[in-house]
Amino acid sequence: MKWIPIALLAFLAAPGAAAAQVPPDADWRTLETEHFRVTFPAGLAALASHAADRAEAAHARLSAEFEAAPRGKIDILLTDFVDVSNGSATPFPSNRIILYARPPVDVPELAYFDDWIDLVVTHELTHVYHLDATGGLGSVLRAIFGRVPVGWPFFPAAGAPGWAVEGLATYIESAHTGAGRVNGSYHEMVLRTAVLEDAFDPIDRVTGHDPRWPGASRAYIYGSKFTAYLAEEHGPEVPKDLVERTAGAWSPPSLAYDRVAKGVIGRSFTDAYDAWRAGLEARYGRLADSLRAEGLTEPERLTGAGYVVEGPRVGPDGRVAYAAYDGRSSPATRVLDPETGRVWELARRNGLDAVGWLPDGSILTAQLERDGAYRLYGDLYRVAPDGRERRLTWGARLTNPDVARDGRRVVAVQAADGTNRLAVYDLATGETVGLTRAAPGEHWAYPRWAPSGGWIAAARWRNGLYDVVVLDAEGRVVRELTRDRAVDAMPTWSPDGRYVLFSSDRSGIPNLYAYDLAAGVPASDRLRQVTNLLTGAFDPEVSPDGRWIYFSGYHADGFHVERIPFDPARWRAPAPLRPELRVAERAAPVGGAAVPDAATAGDTVASRRGAAPHAPVDAARAKAANGADAGATGGVAARRYSPLPTLLPRAWLPEAFDEGGLFLGAAVAGRDLVGRHAYALSAAYQHRHRLVDAELAYTYAGLGNPILGLEVWREWEDLLNAQLVDAPDAALMRREDGVALSATLIRRRARSSAFIAAGGEHVIDSRRLLDAPGYTLGYPGTSLAGAFLQAGYANYQVHPFSISREDGVSIVASARRRWDLEPVAVDGRVLDGSYDEAEVDASAYLSVPGPGFAHHVLAVRLRGRRRAGPGANAFGIGGASGDEIQLLGRRVAGESRDLSVRGFRDGARIGTHAWTASLEYRVPLALIGRGYRLWPFFLDRVSAAAFVDAGDAWCPAAVAETPLSACNGPGQAAIVGAGAELAVDLELGYGLGMRVRAGIGHPLRGAGPDPEPVAYIQFGPSF
């Protein structure tokens, strides 16, 4: 057995989750600066040059911060093929960053930025500095083996808790840009609400991965604010010291991360975290007392699910439609009847975005859908009252839609050239026309038609100012309702068109405000505060009858649809604008006399209330560092993308295995930046017999579809010791030389994926008798030619709270035929290795309502195998299926079985024809979500399953009755077992998730007269 197989490095050649959105067949360009290679699609040259400038500026700041920069060029891949805002970084196989160009103006958590590219570059480059750092031992090992994709000692920070990694990057993004999430209001809102509603997460839960709100954002929110606290309490050198102590740790950080803390702040992270929490409780308690003294708004909560609620919109009959995701079911468009409290799911949807009512009671939505295998764009859909859905646009890249009262025009945000613009879609003609220009320094969000249809209120980000403006139907801005650095967003109109209501965090707490457009109202009285909350309010919507304001209200379990009366007489003077959100000068008024003047910035300037003492973080230091920003690219011309610089191998691992003697060798792998080429190569040599064992696997995705594959191999296997009297060292070796070519077509959709692969192969299977002079083999081997076909489809769902796959299927079917080109006659018999085989693996999952933290699941699986022909080998059935746990390529625990029947031992039946079937009912038992302090152990959830398994394996009678056959004959009754198992999901070492299943199966049929139950422990899901 090879104890370090090529598979250990093969993932270096496989596209990651982010890379899966990068079209390898696009027209890519590259420009280089002193420290970076920036690769981008043709058409984004200006944005790529800007990204390079910001990357060099961030590199200068971070080099001063951490005093050591990663060696070599850092690759940045700038892409605009998906309508999401994100970024990622990895040190494997080299330091690489992916930037999604789309600005996050409609993502409240990310909306506070001065320059999206600057912010995301700073964040991801911090990851590179952090994850690339290593100590003396790691430096020595990396000098020998290269960038081996493991944690300590090669990349120690890869074993740090997620909150430490993401928290540091989010803190630095804020410290170095003056904006960012630490300085914004969203993270502050989450922590404040958690404290005031007694739901603040302990450090062990922040260290693990718990599905409860705020879910995956927990590491960013708690981690960044905690890091900011540490820097405030212990000095600005804390980030640098954390990076250096982690990199230089002489034991894996995943085993003793508190040891890093004691070297940096003199106490454990756990103790510091408790002190931070106590300080937050005191500060937020004082804030709550002051706001209660002013009089709090008491909304009526209308939904109870929590998690995510976006864009409540009220129809003509008073029903409220909104987008929702509860972490347990698929995202959906839901409808609420406020009078009865009934909520029902109208239609499942892809992602979350606003909805709009059409005159016939249909609902308009924007959803994400794939355009081919690599692009993900927003488009418009019409959902009928009965839930039937019809797609209206294809690849239009439209989000944030709003329907005019005439029921014909839809205003939406349209992505373009790394930014966006406002556009109008005509429901009658299907035409989309741009309303504003797509400018790099201007981004749009949340457009809403005025009741008259002549005006549009929208949120506009321009050069760091995020404000509400009013446009005419031609796309001209006629009034700026706000002008400050607060996030003023999500506008809507009152039914009479007098007021524009919107959400603003001007005070540090997102609240609802209203701007009075009536003539004659003094400028100082135009802006009014509608709500005064301890938590947060977003997405206001006034009911058509003018009675209610519906909105998305924040609480410790997420967002809910809430409402308050629409009563302008109860609105108050606006909360003071935080000092850091003021603008230096007021721009000249924008023309358009039909709409009253906007309030000036000076109308609402006052002191900040309720802000964290460390926001903005080190803004002065960030501004000082920006002095080195100018001209980083120096006008360097771009060239066509070349895969070679990122395709070369960056690491190797030794191979050692014993097959008739010791083989020694190495394995390497590589993948270029855009995923056009990928390869894995291993080679080993045995000196005793001068044997070479090697394998090359290569894929080419430059066509986009199909993906072409090539595999070439020579593999040696020690069949048995010949035990010859006069040749005691003789060994019978099997050598397989093969080449295979394949083409794979892939089809991806938001809810499903499918593929079909076809190929051919040629294999020379030979035998050699070594160290046995004078002896010859009667069967020297054969030559096989083959063809294969495989297809698969999957559409099952998995949600944060899920205990299993849900609501869908997974099907893979394959067929292969091999022809023996050189049949051999031995002792009067013709040895023909030809055979054909067919396999199918089908699973289906259905969620079932029931008690517990997640859905119950009814799961069924059917597997079938068939081989026929003179060269056919047999299958065995029995045992419990699961995953293997490997260490350096060697299995140390668990087993992977294709044809399991629990309650029986492996090999209970053997045959060239086999099938198994399983039926399971899976039940959630407990959502624990706890560890202990910073110990590298986290207990996630516990579930159970009851099962019935069945199966059979047999050979045709002519085969089963041969003297040496181990097959079972045909015609026997299937074996049947039943039982139950307990499954525990846990994490080891800050992120190594696994499922441990312990069960017992009892044979019901086919085990003989005295059947005994069979207990087992397995890893991973049963299917």
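Along each chain, residue indices are assigned from 1 in the same order as the chain's sequence is written. Per-residue local features are limited, in this predicted model, to residues with pLDDT of at least 70; the limit for side-chain atom pairs, both in listing and counting, is 80 or more; totals at the level of whole chains, interfaces and linings are taken over all residues. With hydrogens and water set aside, each side-chain value is computed from the structure's full complement of heavy atoms.

Enquirer: What's the story with the overall build of the chain in this structure? I'm lost.
Expert: Under the scheme used here, helices are H or I runs from DSSP no shorter than 4 residues and strands are E runs no shorter than 2 residues, and both carry numbers assigned from the N terminus. Regarding its fold elements, the chain presents 15 helices and 52 strands. Along the first, second and third principal axes, the C-alpha atoms of the chain reach 110 × 60 × 55 Å. Expressed as a percentage of its 1023 residues, the buried residues of the chain come to 57%. Here the contacts in the chain between residues at least 6 apart in sequence split such that 61% fall between residues at least 24 apart. Each accessible area is a Shrake-Rupley result for a 1.4 Å probe, and residues are judged covered by the shown protein chains and nothing else. Counting only carbon and sulfur atoms, one obtains 55% of the accessible surface of the chain, whose full area is about 40,300 Å². The positive charge centre, built from 107 side chains, and the negative charge centre, built from 122, are 2 Å apart in the chain. When a residue's accessible area, from a 1.4 Å probe over protein chains only, is under 20% of the maximum for its type it is buried; when over 50% it is exposed; and in between it is partly exposed. By definition, residues are in contact when any of their heavy atoms lie within 4.5 Å. Note that His is not counted, nor are the chain ends; the positive residues are Lys and Arg, and the negative ones are Asp and Glu. In plain terms, the charge of a residue is placed at NZ if it is Lys, CZ if Arg, CG if Asp and CD if Glu.

Enquirer: Honestly, the confidence of the model for the chain in this entry has me stumped. Any pointers?
Expert: Residues at a pLDDT of 70 or more form 92% of the chain, whose mean pLDDT is 91. Segment residues 1-20: pLDDT under 50, and 61 contacts once partners within four positions in sequence are set aside and those in other chains are kept. As a per-residue measure, pLDDT tells how confident the predictor is, with possible values from 0 to 100. Residue range residues 585-632 is modelled with pLDDT below 50. Its contacts to residues more than four positions away, or to other chains, number 114 contacts.

Enquirer: How should empty space enclosed by the protein be read in this particular structure?
Expert: The rolling of a water-molecule-sized probe over the atoms marks out the regions of remaining empty space. The pocket and cavity definitions rest on a 1 Å grid over protein atoms only: a 1.4 Å probe that fits but cannot leave marks a cavity, an open set with protein on both sides within 12 Å along at least five of seven lines marks a pocket, and residues lining either have an atom within 4 Å of a point. Grid points are joined across faces, edges and corners, and a volume is the space filled by probe spheres set on the points. Tallied over the full model, the rule gives nine cavities of 30 Å³ or more. The calculated volume of the largest cavity comes to roughly 220 Å³. Forming the walls of the largest cavity are 25 residues, and the residues nearest its centre are Pro108, Ala111, Ser185, Val487 and Asp505. Secondary structure elements with two or more residues in the lining of the largest cavity: α6 (180-183), α7 (186-196), β23 (488-493) and β24 (499-504). Broken down by class, the residue content of the lining of the largest cavity amounts to 15 nonpolar, six polar and four charged. Classification used: nonpolar for Ala, Val, Leu, Ile, Met, Phe, Trp, Tyr, Cys and Pro, charged for Asp, Glu, Lys and Arg, polar for all others including Gly.

Enquirer: Could you clarify how one ought to interpret the state of the cysteines in this entry?
Expert: Put plainly, a disulfide is one covalent bond tying together the sulfur atoms of two cysteines. Throughout, a disulfide means two cysteine sulfur atoms within 2.5 Å of one another. For the structure on display, the rule yields one disulfide. Paired by a disulfide, Cys955 and Cys967 hold their sulfur atoms 1.9 Å apart. Of the two residues, Cys955 sits in the loop between β49 (937-954) and α15 (957-960) while Cys967 sits in the loop between α15 and β50 (975-988), which places them twelve residues apart along the sequence. By relative accessible area, which is 17% here, Cys967 ends up buried.

Enquirer: I keep staring at the nonpolar core and nothing clicks. Help me out?
Expert: Nonpolar side chains tend toward joint burial in soluble globular proteins. In this structure, Trp163, Phe269 and Tyr466 are the most contacted members of the largest nonpolar core, which totals 110 residues. Element by element, the count of residues in this core is highest for helix α3 (residues 116-132), at nine residues. In contact with Phe269, other than residues within four places in its own chain, are Trp163, Ile203, Phe226, Leu230, Leu242, Tyr257, Asp258, Ala261 and Leu934. Here, nonpolar core refers to any group of buried Ala, Val, Leu, Ile, Met, Phe, Trp, Tyr and Cys residues whose side-chain atoms link them within 4.5 Å. By size, the runner-up hydrophobic cluster in this structure holds 14 residues, among which are Trp493, Tyr513, Tyr515 and Leu517.

Enquirer: Sorry, what's going on with helix α10 (residues 238-247) here?
Expert: In an α-helix, one turn spans 3.6 residues; hence positions three or four apart end up facing the same way. Of all ten residues in α10, seven are buried; the element is thus mostly enclosed. Among the residues making up α10, those that are buried are Val238, Pro239, Lys240, Leu242, Val243, Thr246 and Ala247. Turning to α10, the residues buried within the fold contact α2 (45-66), α3, α5 (162-177), α9 (218-234), α11 (257-264) and α12 (269-294).

Enquirer: In this structure, what is going on with the pattern of salt bridges? I would like to understand it.
Expert: Where side chains of opposite charge bring their charged atoms close, a pairing between them can arise. Salt bridges are identified by distance alone: a Lys or Arg side-chain nitrogen within 4 Å of an Asp or Glu carboxyl oxygen. In this structure the tally under the stated criterion is 70 salt bridges. For Arg181, the salt bridge goes to Glu173, with nearest N and O atoms at 2.8 Å. Here the two residues Arg181 and Glu173 agree in accessibility, since each one is buried. The salt bridge partner of Lys225 is Glu188, with a shortest N-O separation of 2.8 Å. With Lys225 in helix α9 and Glu188 in helix α7, this residue pair connects regions lying 37 residues apart in the sequence. In terms of burial, Lys225 and Glu188 fall into one category: buried.

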